[in-house]
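A look at the structure
Chain by chain, the residues run as shown.
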Amino acid sequence: MSKKLVSIYIEGRKIKVPEGYTVIEALWDTGHDIKRGVGCLSGLCGACAIAYLEKGSKRVRFGLGCQTIVKEGMNITVMPFFPSRTANYIISEMGKPIEKLREIYPELDTCKNCGFCTIACPEWINVSKVMKLLKEGKYEEATEMMLDCILCGLCASRCPYGIAPQFISLFVQRAISHEKPFPENLKKRLKEIEEMKYDEEWGRILQMSDEELVEFCKRIREEA
């Protein structure tokens with residue numbers, strides 16, 4: 001039985017695609033040769049940013065092509081790479097990198113918290129509030145809010161002051177991590193991996209059938 005088709009517009013051109021497809025799947029299905037904008041296909045890398053209008057709506061929304069399901073009448077465009085200023089720095093050579101924030105990214109203080117960045121974020125992060133917290137020196141609170149950032153750059157594309165919030169918050173995350181002691185449990189686990197302690201176990205897992213793997217995972221969850 002053939003799938004039901006829906007009509008959508010890709011950059012103004014009307015096409016019919018199977019219902020339930022993501023935008024990226026719809027592009028592939030209709031033979032679009034995508035040079036840029038396809039990465040992990042899991043909503044993590046942020047490479048496939050799109051802008052779209054839903055049928056009857058006047059509000060442009062933003063999302064990721066690999067996660068957005070096509071709907072009848074949807075009007076879509078794939079966002080090009082947006083150039084943002086990226087500062088050059090080497091965290092490991094900075095004594096207290098967080099003290100260099102305004103030297104590295106002076107444009108932070110030009111933020112007027114207009115909120116355009118928040119509207120554009122496909123991860124529903126209140127980017128405008130993050131910028132406000134950073135200006136106030138509330139770094140821990142700000143970085144907690146940015147943990148879901150996928151660096152797609154849509155926030156920067158909407159900023160009238162040329163600020164790239166994704167890169168500023170990334171610097172702050174790195175700076176804070178640099179000043180914290182390396183977690184002992186992580187240090188121990190990395191040493192175990194380096195010594196290939198679990199190679200035999202991994203080899204056994206890789207030989208498992210799908211059914212054995214399901215049972216194995218179930219047992220691990222019960223023991224956790």
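Bear in mind that the values here come from a model prediction, so they are computed numbers and not experimental data. (Residues numbered from 1 in each chain as written. Predicted model: local features only at pLDDT ≥ 70, side-chain atom pairs only at ≥ 80, totals over all residues. Heavy atoms only, no water.)

Focus: the domain arrangement of the chain
Threshold: Domain segmentation is taken from an automatic or database assignment of domains.
When its domains are assigned, the chain resolves into domain 1 (5-78), domain 2 (91-179) and domain 3 (184-223). Summarising the inter-unit geometry, the C-alpha centres of domain 1 and domain 3 are found 38 Å apart.

Points about the state of the cysteines
Our working definition: Cysteine sulfurs are considered disulfide-paired once they come within 2.5 Å of each other.
On inspection of all chains with the given rule, the structure shows 0 disulfides. This cysteine, C45, is not joined by any disulfide, and C40 carries the nearest cysteine sulfur, 3.8 Å off. Take C159: it sits in no disulfide, and the sulfur closest to it among the cysteines is that of C114, at 6.2 Å.

Digging into the nonpolar core
Heads up, the condition is: Residues enter a nonpolar core if they are buried and are Ala, Val, Leu, Ile, Met, Phe, Trp, Tyr or Cys, with the set joined through side-chain atoms within 4.5 Å. Only protein chains enter the calculation, and the probe is 1.4 Å; a residue is then buried if its accessible area is under 20% of its type maximum, exposed if over 50%, and partly exposed in between. Think of it this way: any DSSP run of H or I at least four residues long counts as a helix, any run of E at least two long counts as a strand, and we number them from the N terminus. In this description, contact between two residues means that some pair of their heavy atoms is separated by no more than 4.5 Å.
Judged by nonpolar contacts, the single largest core of 32 residues is most densely connected at Y89, Y105, L134, F171 and V172. Among the secondary structure elements, those contributing two or more residues to this core are α2 (101-104), α4 (127-135), α5 (139-145), α6 (154-158) and α7 (165-179). Sort the elements by how many residues they give to this core and α7 lands first, with 6 residues. What Y89 contacts, discounting residues up to four positions off in sequence, is M94, I104, Y105, F171 and R174. Among the nonpolar cores identified, the runner-up in size contains 25 residues, and L27, C48, C66 and M79 belong to it.

Description of the pattern of salt bridges
This is how it is decided: Any carboxyl oxygen of Asp or Glu within 4 Å of a side-chain nitrogen of Lys or Arg constitutes a salt bridge here.
This structure, assessed with the given rule, holds 14 salt bridges. Across the pair D109 and R102 runs a salt bridge, and its minimum N-O distance is 2.8 Å. Of the residues examined, D109 reaches a relative accessible area of 41% and is grouped as partly exposed. A single network of salt bridges, built from pairs that share partners, joins K132, E136 and K138.

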